[in-house]
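# Geometric and topological summary
The residues making up each chain are set out below.
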Amino acid sequence: VENAKKATGKGDISYIILDLANLESIRNAANEFLALNLPLDVLYNNAGGIYKEKLLDPTGTFEMTIFSNFVGPIYFTDLLLDKLKATPGSRILNVASELHDPKFPGPPGRPSILDFDELNGKTFEPLYNYRISKLGNIYHTYILAQQLKGQGVTVNVLNPGYVPVTELNRHKVVDIPKQVDPARGKSIETSTDEYIYYATADELKDVTGAYFSDGKRTESSEASHDLAQGKKLWNLAWEAIGVRKRILGEGKKKFWVKTTLSL
């Protein structure tokens, strides 16, 4: 925060502590923000951790990499939806990865083919769990974009690419540089410019349900468009959260049902 204040010359930058692996922390952080009575122009869901040891959420449904990168942001976003709807031109941006694609070459281990029997890390493999969490981020985007259509909130997802100076792999779970062509690495300046572009570009103000990479709109993987799988994963997430929010089947007039949350 202090570095941000120095870099921008602005003293009104603050922070809220949030642990996306903990439902109580998520509720507390949402309530803390709402108590400020500020608009919410942009919500960036940027979680991208990789747990090197097997941990499960309290229900035993999700391995913790998947829970904190996918389930936690779903809940946090939902708690802030009314504020987003009340802020004209608000944007939700989910950060995924090109590793979500089962056909992406290079990484060791299993490709990101969604196996519902492996969500709890039965065959524990950290990079697989990360890849599935990023596939989940895209499902979240496409489903939520449909739900919020016409309500003044856009929902998009991006692949940030590989930025070597970040601390994504600070715990050395996977030797990422060996899995990514160094020539494809981005500077922090390029990555920052892209993040700002997605959040502020006037030409994107009405774009929703889109996938971006390298500052341009493109297509996510074929697997990420299988929303039958996506809805099933979404339902499991809400069961783990403990809020009954179920997606209705195809052909129904209403696409979803929301149970009122008590914060």
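### So, the overall build of the protein chain
- The number of helices and strands found in the protein chain is 8 helices and 5 strands.
- Beginning at the N terminus, the succession of helices and strands in the protein chain can be written as α-α-β-α-α-β-α-β-α-α-β-β-α.
- Within the protein chain, buried positions represent 47% of all 263 residues.
- Sequence separation of at least 24 residues holds for 68% of the intrachain contacts in the protein chain that already meet a minimum separation of 6.
- Here the protein chain has roughly 13,600 Å² of accessible surface; of this, 51% comes from carbon and sulfur atoms.

### Examining the sheet that holds strand β4 (residues 211–213)
- A sheet is described by the order of its strands in space; here 5 strands give the open sequence β1-β2-β3-β4-β5, paired in mixed fashion. Both edges of this open sheet fall to β1 (42–45) and β5 (216–218), since each of them pairs with a single strand only. This sheet shows a mean twist of 30° between the axes of neighbouring strands, independent of strand direction.
- In terms of strand pairing, strand β3 (residues 153–159) meets β4 through 3 bridges, oriented parallel. Across the sheet, the residue bridging to Asn159 is Ser213, located in β4.
- This element, helix α5 (residues 126–147), spans β1, β2 (90–95), β3 and β4 of the sheet and lies at about 155° to β3.

### Structural notes on empty space enclosed by the protein
- Summed over all chains, the structure comprises 1 cavity of 30 Å³ or more.
- Considered as a void within the structure, the largest cavity measures approximately 40 Å³ in volume.
- If you trace the largest cavity, you find it lined by Arg91, Leu93, Thr154, Asn156, Tyr198, Leu204, Val207 and Phe212.
- Those elements that provide at least two residues to the lining of the largest cavity are β2 and β3.

### Observations regarding the packing of α5 against helix α8 (residues 227–241)
- Look at α5 against α8: their axes get within 9 Å of each other, and the N-to-C directions meet at 95°. Between α5 and α8, the angle is such that the two are roughly perpendicular. Across from Gly136, Tyr139, His140, Tyr142, Ile143, Gln146 and Gln147 in α5, the residues of α8 making contact are Leu227, Gln229, Gly230, Lys231, Leu233 and Trp234.
- In terms of residue class, the contact of α5 with α8 is made up of 6 nonpolar, 6 polar and 1 charged.

### A closer look at the pairing of β3
- Here β3 lies mainly inside the structure; 7 of its 7 residues are buried.
- Side chains Val153, Val155, Val157 and Asn159 of β3 all project onto a buried face; the interleaved residues Thr154, Asn156 and Leu158 project onto the opposite face, where all are buried too.
- In this sheet, β3 lies alongside β2 in parallel orientation, the contact comprising 6 bridges. Bridge pairing in β3 places Val95 opposite Leu158.

### Remarks on the side chain of Glu194
- Take Glu194: it is sitting in helix α7 (residues 188–200).
- Note on Glu194: relative accessible area 11%, which makes it buried.
- Discounting residues that sit within four places of it in the chain, Glu194 has contacts with Pro160, Lys186, Asp214 and Gly215.

### Observations regarding the confidence of the model for the protein chain
- Of the residues in the protein chain, 84% have a pLDDT of 70 or more, and the chain-wide mean is 87.
- Low confidence marks residues 247–263, where pLDDT is under 50. Its contacts with residues over four positions away, or in another chain, come to 30 contacts.

### Concerning the packing of aromatic side chains
- Tallied over the entire structure, the rule returns 6 aromatic pairs.
- Taking the centre distance of 6.4 Å and the plane angle of 55° together, the rings of Trp234 and Trp238 count as tilted. Placement of the pair is Trp234 and Trp238 together in helix α8, with a separation of 4 residues, close to one helical turn.
- Assessed through its relative accessible area of 2%, Trp234 is described here as buried.

### Overview of a nonpolar patch on the surface
- A surface patch of nonpolar side chains, amounting to about 360 Å² of accessible area, comprises Val1, Tyr15 and Ile17.
- Relative to the helices and strands, Val1 resides in the segment before α1 (2–8).

Definitions and cut-offs
- Residues numbered from 1 in each chain as written.
- Predicted model: local features only at pLDDT ≥ 70, side-chain atom pairs only at ≥ 80, totals over all residues.
- Heavy atoms only, no water.
- Helix = DSSP H or I, 4+ residues; strand = E, 2+ residues; numbered from the N terminus.
- Buried < 20%, exposed > 50% of the residue type's maximum accessible area, 1.4 Å probe, protein only.
- Contact = heavy atoms within 4.5 Å.
- Areas by Shrake-Rupley, 256 points an atom, 1.4 Å probe, with all protein chains shown as cover.
- Pairing = 2+ DSSP bridges.
- Axes fitted to C-alpha atoms, helices over the stretch in contact; angles between N-to-C directions.
- 1 Å grid on protein atoms, 1.4 Å probe; cavity = no way out; pocket = protein on both sides within 12 Å on 5 of 7 lines; lining within 4 Å.
- Points joined across faces, edges and corners; volume = space filled by probe spheres on them.
- Parallel < 35°, antiparallel > 145°, perpendicular 65-115°, else oblique.
- Nonpolar A, V, L, I, M, F, W, Y, C, P; charged D, E, K, R; others polar.
- pLDDT = per-residue confidence, 0-100.
- Phe/Tyr/Trp six-rings, centres within 6.5 Å; stacked < 30°, edge-to-face > 60°.
- Patch = residues over 30% accessible without salt bridge, like charges linked within 9 Å, V, L, I, M, F, W, Y side chains within 5 Å.
- Salt bridge = Lys/Arg side-chain N within 4 Å of Asp/Glu carboxyl O.

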